[in-house]
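Architecture and fold: a report
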Amino acid sequence: MITRHQIVSGLTELTSHNIEVLKKLVRLCFPITYNNEFYEKCHLHYTELSRYVTVKDIPVGAIVCRLEKEEDSDVLYVHIMILLVFEKYRRGGLAQKMMKFLYDKVSKASFAIEYLDLHVQKVNTAAVQFYTREGFEIIEDLPGYYDLEQGDALHMRKKVVRDPSAPIAITPPISGFTLSKNKKNKSKVHDKEDTKSK
């Protein structure tokens, strides 16, 4: 295990040229995989809020997020679909670095983003504890959410506090972002459509 003070890291964008790296990281780190359509969306539509974290210019982790809009209101939020770090580099502050990138982005956006949103496997206590430390709260228990033997999930959420230095919030259209619509307080069914068990 590499300790925090040993890691000099950076962030780099997801592109069509390096999307295979994301596939490899997911394969090594996640109990589920994603279909090819999902990865195409990542480099075509989700790049604004997604990054690799690198050590010595080698990607060792990734965050992939998308901007969404509640169906019954104008509330915008960001759904975190992937947050992972290769096992050798965990507990080195890399996940926090990616979360800081995301939070800085959404808190300073030129339009109001109300909250961050995610699902996490319930049995993954380390991840649940990490998100709790990052300010997320459990809002829903989702039995059998993932198509896995231990498929129960937790739906977690963190309110975004807008940076006082950010420009005045406006209503989209939003340059550089792709909106996905979801029903308020409902599970993200299309997340599951993008995934498959190993």
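Just so it is clear, the model here is predicted, and its values are computed rather than measured. In this convention, every chain numbers its residues from 1, walking through the sequence in written order. Totals for whole chains, interfaces and linings use every residue, but because this is a predicted model, local features are given only for residues with pLDDT of at least 70 and side-chain atom pairs only at 80 or more, for both listing and counting. Water and hydrogen atoms play no part in the side-chain values, which are based on all heavy atoms of the structure.

**What about the packing of helix 1 (residues 19-29) against helix 2 (residues 36-45)?**
An axis is simply a line fitted to the C-alpha atoms; with a helix, the fit covers only the stretch in contact. Between two such axes, the angle follows the N-to-C directions and lies from 0 to 180 degrees. Under the DSSP-based scheme used, a helix requires at least four consecutive residues in state H or I and a strand at least two consecutive residues in state E, with every element numbered from the N terminus. Following both chains from N to C, one finds helix 1 and helix 2 inclined at 130 degrees, their axes separated by 10 Å at the closest point. Here helix 1 lies oblique to helix 2, going by the angle between them. You can see that helix 1 and helix 2 cross each other, and the crossing is right-handed. Packed against helix 1, whose contacting residues are Ile 19, Leu 22, Lys 23 and Val 26, the element helix 2 presents Asn 36, Tyr 39, Cys 42 and His 43 at the interface. When the residues that make up the contact of helix 1 with helix 2 are grouped by side-chain class, the tally is 5 nonpolar, 2 polar and 1 charged. Throughout, the term roughly parallel applies to angles under 35 degrees, roughly antiparallel to angles over 145, roughly perpendicular to angles from 65 to 115, and oblique to all others. With the far helix as reference, a near helix turned anticlockwise by less than a right angle produces a left-handed crossing, and one turned clockwise produces a right-handed crossing. Two residues qualify as a contact provided that any one of their heavy atoms is within 4.5 Å of a heavy atom in the partner residue. Under the scheme applied here, ten amino acids are nonpolar (Ala, Val, Leu, Ile, Met, Phe, Trp, Tyr, Cys and Pro), four are charged (Asp, Glu, Lys and Arg), and all others, including Gly, are polar.

**Here's the deal with the packing of aromatic side chains**
Given two aromatic rings, one states the distance between the centres and the angle between the planes to describe the pair. The rule is short: rings of Phe, Tyr and Trp, with Trp giving its six-membered ring, pair when the centres are within 6.5 Å, and they are stacked under 30 degrees, edge-to-face over 60, tilted in between. Applying the stated rule across the entire model yields 7 aromatic pairs. For the pair Phe 38 and Tyr 39, a centre-to-centre distance of 5.5 Å together with 75 degrees between the ring planes defines the contact as edge-to-face. Buried means the residue's accessible area, taken with a 1.4 Å probe over protein chains only, is under 20% of the maximum for its type, while exposed means over 50%, and partly exposed covers the values in between. For Phe 38, a relative accessible area of 1% gives the class buried. Residue Tyr 39 is classed as buried on the basis of its relative accessible area of 4%. For the ring pair Tyr 131 and Phe 136, a centre distance of 5.5 Å and an interplane angle of 70 degrees mean the geometry is edge-to-face. Taken together, the ring pairs in this structure connect Tyr 34, Phe 38 and Tyr 39 into an aromatic cluster. A cation over an aromatic ring shows up here: Arg 157 above the ring of Tyr 115, its NZ or CZ 3.9 Å from the ring centre. When the ring centre of Tyr 103 is taken as reference, the NZ or CZ atom of Lys 158 above it lies at 4.4 Å. Working rule: Lys NZ or Arg CZ, within 6 Å of ring centre, within 35 degrees of ring normal, means a charge sits over the ring.

**Quick look at the pattern of salt bridges**
Two side chains of opposite charge can pair, provided their charged atoms sit close to one another. The rule for a salt bridge is simple: a side-chain nitrogen of Lys or Arg has to be within 4 Å of a carboxyl oxygen of Asp or Glu. The full count for this structure, using the stated rule, is 9 salt bridges. With a shortest N-O distance of 3.5 Å, Lys 69 and Asp 74 are connected by a salt bridge. According to the relative accessible area criterion, Asp 74 is exposed, its value standing at 68%.

**As for the side chain of His 155**
Along the chain, His 155 falls in strand 8 (residues 153-159). Under this definition, polar contacts are N or O atom pairs within 3.5 Å; protein pairs additionally need one hydrogen-donor-capable and one acceptor-capable atom, and for neighbouring residues in sequence, both atoms have to be side-chain atoms. A distance of 2.4 Å separates polar atoms of two side chains, one belonging to His 155 and the other to Asp 117.

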